[in-house]
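# Fold and geometry: a report
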Amino acid sequence: MRFVDEYRDPAAARRAVEEIGIVSGGEHRKFMEVCGGHTHTIYKHGIENVLPENIELVHGPGCPVCVIPMGRVDDAINLAEQPGVIFTSFGDMMRVPGSTSNLLEAKARGADVRMVYSPLDALRIAQANPDRQVVFFAIGFETTAPSTAITLVKAKEAGVTNFSVFCNHVTIVPPLKAILESPDLRLDGFIGPGHVSTVIGNRPYRFVPAQYGKPLVTAGFEPLDILQSILMLVHQLRDGRCEVENQYTRAVRDEGNVRALQILGEVFELRPHFEWRGLGFISHSGLKLSEAFADWDAELRFHVPGVRVADPKACQCGEVLKGVIKPWECKVFGTACTPETPIGTCMVSSEGACAAYYNYGRFTRDAAASARIPVRSA
Amino acid sequence: MSEAAAAPDEPEKDFRKSEEEAVLERIERFRRNRPRLRDDFINSAHGAGGKASAALIDAVFVKAFANEALAPLTDGAVLTLPSGERLAFSTDSSVVNPIRFPGGSIGHLAVHGTVNDVAMMGAVPAWVSAAFVLEDGFPVAELRSIVADMREAAANAGVQVVTGDTKVVNKGSADGLYICTAGVGVIPADVHLDARSVRPGDRVLVSGTIGDHGVAVMLARGELGIEADIESDTAPLGGLVSALLAGAPGTRWLRDPTRGGVATVCNELARDADLAIILDEVSLPVRPAVNGACEILGIDPLYVANEGKLVAVVPPEQAEAAVVALRSHPLGGDAAVIGEVRDDPPGMVVINTGFGGNRVVDMLAGDPLPRIC
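Residues numbered from 1 in each chain as written. Chains lettered and ligands numbered in written order. Predicted model: local features only at pLDDT ≥ 70, side-chain atom pairs only at ≥ 80, totals over all residues.

### Comments concerning the overall build of chain B
- Secondary structure assignment for chain B yields ten helices and 14 strands.
- Across the 373 residues in chain B, those meeting the buried criterion constitute 50%.
- Taking as baseline every contact in chain B between residues at least 6 positions apart, the subset at least 24 positions apart corresponds to 81%. (Helix = DSSP H or I, 4+ residues; strand = E, 2+ residues; numbered from the N terminus. Buried ≥ 20, exposed ≤ 12 C-beta atoms within 10 Å, placed from the backbone. Contact = placed C-beta atoms within 7 Å.)

Now the structure itself:
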């Protein structure tokens, strides 16, 4: 496939891995990939097991589904079960557990819950069902927030009054800060989020090297992108540099997407604080609809319980999201908590570290190496 | 994590490694237990052919009907007549939405789905039943045309529709029409297909490009706003099976990778044979358009349904002959060896990626593309 296969070339991958080994000089390095999309790529292509053993990857908080706290899922289910409501959601959120059930179960109980691929689909459903209230469950970082914003602008322009948004958009920089502040974590650098950076650019990360002395390389989502960004990180460390670099130059500009940032500014404003699954409340980390779009805010249109629910005791999503423990080190991983019966959000989304490890990486480095013996065709 | 763990301290690392291994072993033991049904209400995952389906089948159907013929839980039952002859008997319901899609209709699917299940038992499909659930108000002209598709499909498959039933339900109680079929065929005396006969070293083959049907139906719904020239592969596989068994008489096992795709049938094989299936990503035949659509949708073609393909396991010395036999048939032109059976890791499917790494290929918990068959 053009524009995809080039970034999966095994010969180029072998060269990159060798170079990482040479440049890192065998020194143990621990890098966090912030973005769930990267986690998914790393496991799907088996990158961890082909890297030199001295390079360790820890999986960060950038999975939009994983960071939604239980209370917000309960609120979503409550909205979905209000009479006359069509509740629309990305498929990923359907299986995320609230305190007593999930959206898929709410649907089975009779709620009209529909899976959409874009908030614009939700708006179309609203236009096709003028006698029903259509609520869109908005989640995600700066990556998906612009499409929610554009949908709201369109709803306002077209005067669609039976449409509203249950806003759970979050921003990437505050949790990054929280992780850097976390005392129990030692990292040598960051693989910076790619999609988010297409919107916000590279400038917002400058505090990472400036204040915390850690290098950050914004990376694309193909396996070679990841390897190249690791190579750039080990180069920086070897050369004694510490800066923000851009590996994903084909998509990310330093200043980001100015038009998208502008529309985000019009449609959203920062909440004073927002609760993150496993990370607790983080100041100025969540978005809500601005005054100008308050009429489309589901939290104002409907009564939303807004009860804070504590994470289940056994669940260690927070430590996984901060990269303090590996998924398999969680007490309930793979036994009480599996993709079929998830306790924590990290086990639901394909971008969640636990689900990615469970689905793709559930074998040791040695087993992976022995399985890599080529398949004989005849 | 302590700093000691991060430092390249050998004993500490070995300890962590063995700890990870212990966790993985515990998970593997858990995974081997058949999934338990925990839901109080049916949801779409129960019909997806993955773990939730298995849980429902175990907890409700097997519990109620338990018998020897049902026990293997393959796509059809093998029944031995007093004469010693063996019949393969299978049933299938078609609820696809939309009822017409590029490459076929619900009528083709209703016949092919059943005759292919019979063919995968090694039998020559002969007779089919058809029961129709019709929604009040469904156009007769539409029904005629669907039934014409069934007639065409039956003729191509060499089977006769020999009995049937018709029910009409209130408007809103069904979505147009649903078709339930059952099929019977005779298994030739020298054919014995069984997952338990699979051995390490055996090769895994697929008869052609994967994922065509699921993607074609999904795009035909028009919800995704993606247009691509992809047709369903719906086809009767009896002839292809005969060609394969003639060319590679030692064939151990056959399955048609419908719901849940090649990944799911390989997982069922790995579990039933207690062996590892190692797949080679580069060898998987996937149409560029299907690959492109899957890439955009974030789904893996390995999990997407096929309606005219088979996965076969053959002994290594017959692998080449099997590929030749499949390719000589009009439905097997893109046949390829896609994997190998090994001892380790037992019960698991692993794919070596084109990029040079590898990953586990597990059964899906739910279905990425509902109501495609």
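Once the structure has been displayed, the description carries forward.
### Some points on the overall build of chain A
- For chain A, the count of helices and strands is 16 helices and 13 strands.
- Scaling as 2.2 N^0.38, a compact globule of 378 residues should have a C-alpha radius of gyration of about 21 Å, and chain A matches this with 21 Å.
- Along the longest, intermediate and shortest principal axes, the C-alpha atoms of chain A span 65 × 45 × 45 Å.
- Of all 378 residues assigned to chain A, the portion counted as buried reaches 56%.
- A separation of at least 24 residues holds for 77% of the contacts in chain A among residues at least 6 apart in sequence. (Rg over C-alpha atoms; globule rule 2.2 N^0.38 Å.)

### A look at the sheet that holds strand 4 (residues 112–115) of chain A
All names here are of chain A.
- Strand order in the open sheet made by the four strands is 4-3-5-6, with parallel pairing throughout. Two strands bound the open sheet, and with one partner strand each, they are strand 4 and strand 6 (163–169). Averaged over all pairs of adjacent strands, the angle between their axes in this sheet comes to 20 degrees, without regard to strand direction.
- Bridge count between strand 3 (residues 85–89) and strand 4: four bridges; the pairing is parallel. Within strand 4, the position partnered with Ser89 by the bridge is Met115. (Pairing = 2+ DSSP bridges. Axes fitted to C-alpha atoms, helices over the stretch in contact; angles between N-to-C directions.)

### Observations concerning unusual backbone geometry
- A cis amide bond links B:Asn97 to the next residue, B:Pro98, at an omega of 0 degrees.
- Note on placement: B:Pro98 falls in the loop between strand 2 (86–94) and strand 3 (100–101).
- Residue B:Pro345 is reached from B:Asp344 by a cis peptide bond, and omega for that bond is -5 degrees.
- With respect to the helices and strands, B:Pro345 occurs in the loop between strand 12 (336–342) and strand 13 (349–352).
- We note that A:His284 has phi near 50 degrees; this positive angle belongs to a residue other than glycine.
- Considering the arrangement of structural elements, one finds A:His284 in the loop between strand 12 (280–283) and strand 13 (287–289).
- Even without glycine at this site, B:Asp274 takes up a positive phi of about 55 degrees.
- Among the secondary structure elements, B:Asp274 is positioned in the loop between helix 8 (261–273) and strand 10 (276–280).

### Quick look at helix 7 (residues 238–247) of chain B
Residues and elements named next belong to chain B.
- Burial runs high along helix 7: seven of the ten residues are buried.
- Turning to helix 7, its buried residues are Gly238, Leu240, Val241, Ala243, Leu244, Leu245 and Gly247.
- Each element contacted by the buried residues of helix 7 is listed here: helix 4 (106–120), strand 5 (124–135), helix 5 (140–157), strand 9 (253–255), strand 11 (311–314) and helix 10 (319–327).

### Some details on the sheet that holds strand 9 of chain B
Residue and element names in this part refer to chain B.
- Strand order in the open sheet formed by seven strands is 9-11-8-12-10-13-14, with mixed pairing between adjacent strands. With partners counted over all chains shown, the strands left at the sheet margins are strand 9 and strand 14 (358–360), one partner each. Shown here is a sheet whose adjacent strand axes are inclined to one another by a mean of 25 degrees, direction ignored.
- Here strand 9 runs beside strand 11; their pairing, made up of three bridges, is antiparallel. Across the sheet, residue Leu254 finds its bridge partner in strand 11, namely Ala312.
- In the packing of helix 8 onto the sheet, contacts are made with strand 8 (203–206), strand 9, strand 10, strand 11 and strand 13, and the angle to strand 10 comes to roughly 150 degrees.

### A short note on the packing of helix 2 (residues 36–44) of chain A against helix 15 (residues 353–360) of chain A
Residues and elements named next belong to chain A.
- The geometry of helix 2 relative to helix 15 is characterised by a closest axis approach of 9 Å and an angle of 10 degrees between their N-to-C directions. Compared by their axis directions, helix 2 and helix 15 come out roughly parallel. Where helix 2 crosses over helix 15, the handedness of that crossing is right-handed. Taking contact as the criterion, the partners of Thr39, His40, Tyr43 and Lys44 in helix 2 are, on helix 15, Ala353, Ala356, Tyr357 and Tyr360.
- Classifying every residue of the contact of helix 2 with helix 15 by side-chain character gives five nonpolar, two polar and one charged. (Parallel < 35°, antiparallel > 145°, perpendicular 65-115°, else oblique. Left-handed = near helix turned anticlockwise from the far one by under 90°. Nonpolar A, V, L, I, M, F, W, Y, C, P; charged D, E, K, R; others polar.)

### So, the pairing of strand 2 of chain B
Residues and elements named next belong to chain B.
- When strand 1 (residues 77–80) meets strand 2, the two strands line up antiparallel, connected through four bridges. By the bridge assignment for strand 2, Leu79 is matched with Leu87.
- Examined bridge by bridge, strand 2 and strand 7 (residues 177–187) share nine bridges and lie antiparallel to one another. Residue pairing for strand 7: Arg86 is matched across the bridge by Ile187.

### Re the environment of A:Trp328
- Here A:Trp328 shows up in the loop between helix 14 (317–321) and helix 15.
- Each C-alpha atom, one on A:Trp328 and one on A:Tyr357, is 8.0 Å from the other, the two residues being 29 residues apart in sequence.
- When sequence neighbours within four positions are dropped, the list of residues in contact with A:Trp328 reads A:Phe333, A:Tyr357, B:Glu20 and B:Val23.

### What about the pairing of strand 6 (residues 160–169) of chain B?
Residues and elements named next belong to chain B.
- Taking burial as the measure, the ten residues of strand 6 include zero buried ones, a minor fraction of the element.
- Of the strand pairs in this sheet, strand 5 and strand 6 are connected by nine bridges, and their pairing is parallel. Counted as the bridge partner of Ala130 is Gly164 from strand 6.
- For the segment spanning strand 5, helix 5 and strand 6, crossover handedness is right-handed. (Right-handed = clockwise from strand over helix to strand, strands pointing away.)

### Notes on the confidence of the model for chain B
- Looking at chain B as a whole, the pLDDT averages 90, with 94% of positions reaching at least 70.
- Counting interchain partners and residues more than four positions distant, the pLDDT-below-50 stretch residues 1–8 of chain B has 14 contacts. (pLDDT = per-residue confidence, 0-100.)

### Structural notes on the packing of helix 1 (residues 10–24) of chain A against helix 11 (residues 223–239) of chain A
Residue and element names in this part refer to chain A.
- Remark: helix 1 packs on helix 11, axes separated minimally by 9 Å, with the N-to-C direction vectors making an angle of 20 degrees. Between helix 1 and helix 11, the angle falls in the class roughly parallel. Note on packing geometry: the crossing formed by helix 1 with helix 11 is left-handed. For the pair helix 1 and helix 11, the contacting residues are Ala12, Ala13, Ala16, Val17, Glu19, Ile20, Val23 and Ser24 in the first and Pro223, Leu224, Leu227, Gln228, Ile230, Leu231, Val234, His235 and Arg238 in the second.

### Quick word on the environment of B:Pro345
- Note on B:Pro345: 22 C-beta atoms within 10 Å, which makes it buried.
- B:Pro345 sits 328 residues away from B:Lys17 along the chain, and the two C-alpha atoms are 17 Å apart.
- In this structure B:Pro345 touches A:Phe363, A:Ala367 and B:Ala276, once residues within four positions along its chain are discounted.

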